[in-house]
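# Report on the structure
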Amino acid sequence: MSLDVAAIKKDFPILEREVHGGRLVYLDSANTSQKPRAVLDAMAQYYEQSNANVHRGTYLIAEEATAALEGGRAKVARFIGAGAAREVVFTKNATEALNLVAKAWGRANLRAGDPVVLTELEHHANIVPWHQLVEEIGIELRWIPVGGDGHLDLRDLDRLVDGARIVSFAAMSNVLGTITPIERLVGAAHAAGAIAVIDASQFVPHLATDVRDWGADFVAFTGHKMCGPTGIGVLWGTETILDATPPFLTGGEMILNVTKEGFTANELPWKFEAGTPPIAEAVGLGAAVDYLSSLGMDAVRAHEVELTGYALRLLHARFGDDLVIHGPAEATERGGVISFTYRDLHPHDLTQVFDEHGVCVRAGHHCAKPLMRVLGAPATARASLYVYNDEADVDALADAIAAAADFFTR
Ligand SMILES: Cc1ncc(COP(=O)(O)O)c(C=O)c1O
């Protein structure tokens, strides 16, 4: 294995606890990841030693708090290959980041009839803000289809992007694990005169990311899926597009000056950070980035490919055609997200039995209802792997599936 998972498991206090009399087998990291002690300690240290509001104080701990927030931003900027820290805007989560793009850039730039291109594998966070602009402005949504192999079907790409103003797509599907052809889609968007927006929520935690290499205009992701805390997400944008985008939420930190007649917005990135920002969360996200960097993102990815390959082989060998796994067949073409159905058993029934075995797996539509319709399944069970999972966890999943099958077919 590329990672020393036995050592990594010890970094995550929650993995020491027992559930239902056995060990906790956490296979829901696409939903939210667990947090290493380094992240928990960094946040506790911030609260215990430096807690104060930022960008306002003239006393020592307020300066420390400001340095902690901006230090977190600088770490995130380096981690994703941003040109400068001012390109990194902190939001509440990826959903808010995508809403910022739709509501600030979109409202300022889109007109009735303007085409916005999405894919069928998007999370609702990258669908609903655009639906709102259909209602508000009358934009036209176009959809890049998903083929039977779990990959995007790009045969009609030129026609779909023709005249488009935005192409907005997930870098990795949270249901199928599919890694989408990022450079190709960004290239097609730009060739058509559209901006490219990437929802990298499932990608950044698992693969080395270089936003400048991608050449997109906006990239959104979320802290809690990458060993960081909840309550913080990121919108990266090129300086040019962020400068040209009006503020989204207003008040507090995003202000330079206010008169009775109006206001002047702050510089980047604070122009987009209304109110008191997530300070402890930025500290935690910085520590998460340090943690992942210490493992090495190439090793993180190599581990994921090895373990996903193991899981696909094992599940197929044990359950054959009774178990349908959605998404690309090759581990190298996908992340560690394994969505499946077992015969005609409802995924919620399956995962309830899994829970009795301490196996945490999500069941449902995974906030991707248009994709579920394409798959022809109202719900799937979804096991998702991360740095602290090993073959024993996958074996526990297989045993839990066998137990559920036995229980319901008895
Ligand atoms: C692909 C994708 N986009 C966006 C989101 C939304 O993330 P958050 O709930 O942190 O805003 C998720 C979370 O499940 C996701 O998987």
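With that settled, consider the sheet that holds strand 17 (residues 380–384). One open sheet accounts for four strands, arranged 13-14-17-16; its pairing is antiparallel. Each having just a single partner strand, strand 13 (323–325) and strand 16 (362–364) make up the two edges of the open sheet. Here the strands of the sheet are splayed against their neighbours by 30° on average, with no regard to which way each runs. Here three bridges tie strand 13 to strand 14 (residues 337–342), and the two strands are oriented antiparallel to one another. Counted as the bridge partner of V324 is T341 from strand 14. Of the strands in this sheet, strand 13 and strand 14 touch helix 11 (residues 297–319), which is tilted by about 10° from strand 14. Across the sheet, helix 12 (residues 347–356) touches strand 14, strand 16 and strand 17, and the angle it forms with strand 16 is around 165°.

Its location among the elements puts A164 in the loop between helix 6 (157–161) and strand 7 (166–170). A sequence separation of 29 residues divides A164 from G193, and the C-alpha atoms of the two residues are 7.1 Å apart. Not counting chain neighbours up to four residues away, the residues in contact with A164 comprise P115, V117, A192, G193 and A194.

Bringing the packing of aromatic side chains into the picture now. A complete count under the given rule lists eight aromatic pairs for this structure. Both rings, one in F203 and one in W214, keep their centres 5.1 Å apart while their planes meet at 80°; by these two values the pair is edge-to-face. Of this pair, F203 sits in the loop between strand 8 (195–199) and helix 8 (211–214) while W214 sits in helix 8, and the two are eleven residues apart along the sequence. We classify F203 as buried; its relative accessible area is 6%. Three or more aromatic residues link up through ring pairs in this structure, and these residues are F12, Y291, Y386 and Y388.

Bringing the pattern of salt bridges into the picture now. When the charged atoms of two side chains lie near each other, side chains of opposite charge can form a pair. Taken as a whole and judged by the stated rule, the model has 15 salt bridges. A salt bridge links K9 to D393; its shortest N-O distance comes to 2.8 Å. Here the residue K9 occupies a position in helix 1 (residues 5–10), and D393 occupies one in helix 14 (residues 391–409), the gap between them amounting to 384 residues. Salt-bridge contacts for D156 lead to R159; the nearest nitrogen and oxygen are separated by 2.7 Å. Each of K9, R23 and D393 takes part in one network of salt bridges that share partners.

Right, let's talk about the site of the ligand for a bit. Near the ligand, the surroundings consist of N93, A94, T95, H123, A125, N174, D199, S201, Q202, T222, H224 and K225. For the ligand, a nitrogen atom lies 2.6 Å from a polar atom in the side chain of D199. H224 places a polar side-chain atom, nitrogen or oxygen, 2.7 Å from an oxygen atom of the ligand. Protein chains shield 90% of the accessible area of the ligand, which is 390 Å² for the free molecule. Residues that form the shell around the ligand fall into these classes: two nonpolar, eight polar and two charged.

Spatially, seven strands are ordered 4-10-9-8-7-5-6 in an open sheet, and the strand pairing comes out mixed. The open sheet has two edge strands with one neighbour each: strand 4 (88–91) and strand 6 (140–144). Between one strand axis and the next, the sheet turns by 20° as a mean value, whatever way the strands run. Each of strand 5 (115–119), strand 6 and strand 7 touches helix 5 (residues 128–136); the most contacted strand, strand 6, lies at about 145° to it.

On to the nonpolar core, then. Ranked by size, the top nonpolar core spans 82 residues in total, and within it I80, V88, F90, I198, V219, M226 and V387 carry the most contacts. The element contributing the most residues to this core is helix 10 (residues 279–295), with eleven residues. Residue contributions to this core reach at least three from each of two domains, namely domain 1 (5–31 + 296–409) and domain 2 (40–294). The contact partners of F90, leaving out residues within four places of it in the chain, are L69, G72, R73, V76, I232, G233, V234, E273, A282 and L285. Ranked by size, the runner-up nonpolar core spans 30 residues in total, among them L27, L312, F340 and V361.

Let us look at the domain arrangement of the protein. Domain parsing of the protein yields domain 1 (5–31 + 296–409) and domain 2 (40–294). The centre of domain 1, based on its C-alpha atoms, is set 28 Å off from the matching centre of domain 2. Each partner contributes to the interface: domain 1 provides 35 residues, whereas domain 2 provides 34 residues. Buried area between domain 1 and domain 2, both sides added, is near 2,600 Å², and the carbon and sulfur share of it is 60%. Of all residues in domain 1, the largest losses of buried area upon contact with domain 2 belong to M297, L371 and Y386, amounting jointly to 24% of the total for that side.

Calculation criteria
Residues numbered from 1 in each chain as written. Predicted model: local features only at pLDDT ≥ 70, side-chain atom pairs only at ≥ 80, totals over all residues. Heavy atoms only, no water. Pairing = 2+ DSSP bridges. Helix = DSSP H or I, 4+ residues; strand = E, 2+ residues; numbered from the N terminus. Axes fitted to C-alpha atoms, helices over the stretch in contact; angles between N-to-C directions. Contact = heavy atoms within 4.5 Å. Phe/Tyr/Trp six-rings, centres within 6.5 Å; stacked < 30°, edge-to-face > 60°. Buried < 20%, exposed > 50% of the residue type's maximum accessible area, 1.4 Å probe, protein only. Salt bridge = Lys/Arg side-chain N within 4 Å of Asp/Glu carboxyl O. Near = heavy atom within 4 Å. Polar contact = N/O pair within 3.5 Å; in protein donor to acceptor, adjacent residues only side chain to side chain. Areas by Shrake-Rupley, 256 points an atom, 1.4 Å probe, with all protein chains shown as cover. Nonpolar A, V, L, I, M, F, W, Y, C, P; charged D, E, K, R; others polar. Core = buried A, V, L, I, M, F, W, Y, C linked by side-chain atoms within 4.5 Å. Domains from an automatic or database assignment. Buried area = accessible area lost by both parts, 1.4 Å probe.

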